[in-house]
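Structural features, examined
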Amino acid sequence: MVIGQALQDAINKQINAELYSSYIYLSMSAYFESLGLPGFANWMRCQAQEEVLHAMKFYHHLCERDGRVVVAAIDGPATDWESPLDAFETAYAHEQKVTAMISALVDLAEQEKDRAANNFLQWFVGEQVEEEASAKAVVDKLNLIKDAPAGLFMVDAELAQRVFVAPPPGGEAGA
Ligand SMILES: [Fe+2]
Ligand SMILES: [Fe+2]
């Protein structure tokens, strides 16, 4: 079933939003590198890679549905934050915004009675629960330790464990 114009336009916007998300997290990764917190930087780099994957899922859906992917300029994200907590609060707020965007896409798919798009979008509905929860978990930890360096290094060691798992060739599942 060929995708309708309204959903096609909205998904093209979402591709740009996912790539912008990737850019924000890459910028946050660089910020954490500059602070000497390689674990935080690693976590953000993994997240940046995941966001590219999200964009590619939308890309493939449009292609499979005989739509046309149109890429646009990506806005420049901020480059500095006041503290690790400020960066993670920004990331958490950003994911809440993305959740609202995904919800609006589901609303549009329902309005257009596009069940294929709706089914496809459900993966993102679940993914956004994970995205918000994982950012919020770090916000909570940073709030608990305040600015105690020992606590910061412990969280840094924990976030160093995150590994980005690339999808199998041809599949953009997971993430
Ligand atoms: Fe995303
Ligand atoms: Fe995720």
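Before reading further, recall that the structure is shown in the block above.
Just so we're clear, the structure is a prediction, and the values are computed from it rather than from any experiment.

Notes on the pattern of salt bridges
- According to the stated counting rule, one finds five salt bridges in the structure shown.
- Among the salt bridges present, the one from Arg65 reaches Asp114, with a minimum N-O distance of 2.9 Å. You can see Arg65 sitting in the loop between helix 2 (38-64) and helix 3 (84-111) and its partner Asp114 sitting in the loop between helix 3 and helix 4 (115-145), a full 49 residues away along the chain.
- We classify Arg65 as buried; its relative accessible area is 6%.
- Here Lys141 makes a salt bridge to Glu158, at a shortest N to O gap of 2.8 Å. You can see Lys141 sitting in helix 4 and its partner Glu158 sitting in helix 5 (residues 149-159), a full 17 residues away along the chain.
- Under the relative-accessibility criterion, Glu158 is labelled partly exposed at 39%.

Focus: the packing of helix 4 against helix 5
- The interhelical angle for the contact between helix 4 and helix 5, taken along N-to-C directions, is 160°, at an axis separation of 9 Å. Accordingly, the angle class assigned to the pair helix 4 and helix 5 is roughly antiparallel. For helix 4 against helix 5, the interelement crossing comes out right-handed. Seen from helix 4, the contacting residues are Val138, Lys141, Leu142 and Ile145; seen from helix 5, they are Gly151, Leu152, Val155, Glu158 and Leu159.
- In terms of residue class, the contact of helix 4 with helix 5 is made up of six nonpolar, one polar and two charged.

Focus: the nonpolar core
- Judged by nonpolar contacts, the single largest core of 24 residues is most densely connected at Met28, Phe32, Phe40, Met44 and Phe88.
- Secondary-structure elements contributing two or more residues to this core are helix 1 (5-35), helix 2, helix 3, helix 4 and helix 5.
- With residues near it in sequence (within four places) discarded, Met28 still touches Met44, Trp81, Ala87, Thr90 and Ala91.
- If you look at the next biggest cluster of nonpolar residues, it comprises 18 residues, including Ile15, Ile102, Leu108 and Ala109.

About the cut-offs
Residues numbered from 1 in each chain as written. Chains lettered and ligands numbered in written order. Predicted model: local features only at pLDDT ≥ 70, side-chain atom pairs only at ≥ 80, totals over all residues. Heavy atoms only, no water. Salt bridge = Lys/Arg side-chain N within 4 Å of Asp/Glu carboxyl O. Helix = DSSP H or I, 4+ residues; strand = E, 2+ residues; numbered from the N terminus. Buried < 20%, exposed > 50% of the residue type's maximum accessible area, 1.4 Å probe, protein only. Axes fitted to C-alpha atoms, helices over the stretch in contact; angles between N-to-C directions. Parallel < 35°, antiparallel > 145°, perpendicular 65-115°, else oblique. Left-handed = near helix turned anticlockwise from the far one by under 90°. Contact = heavy atoms within 4.5 Å. Nonpolar A, V, L, I, M, F, W, Y, C, P; charged D, E, K, R; others polar. Core = buried A, V, L, I, M, F, W, Y, C linked by side-chain atoms within 4.5 Å.

Read these as layout, nothing more, since geometry by itself doesn't imply function.
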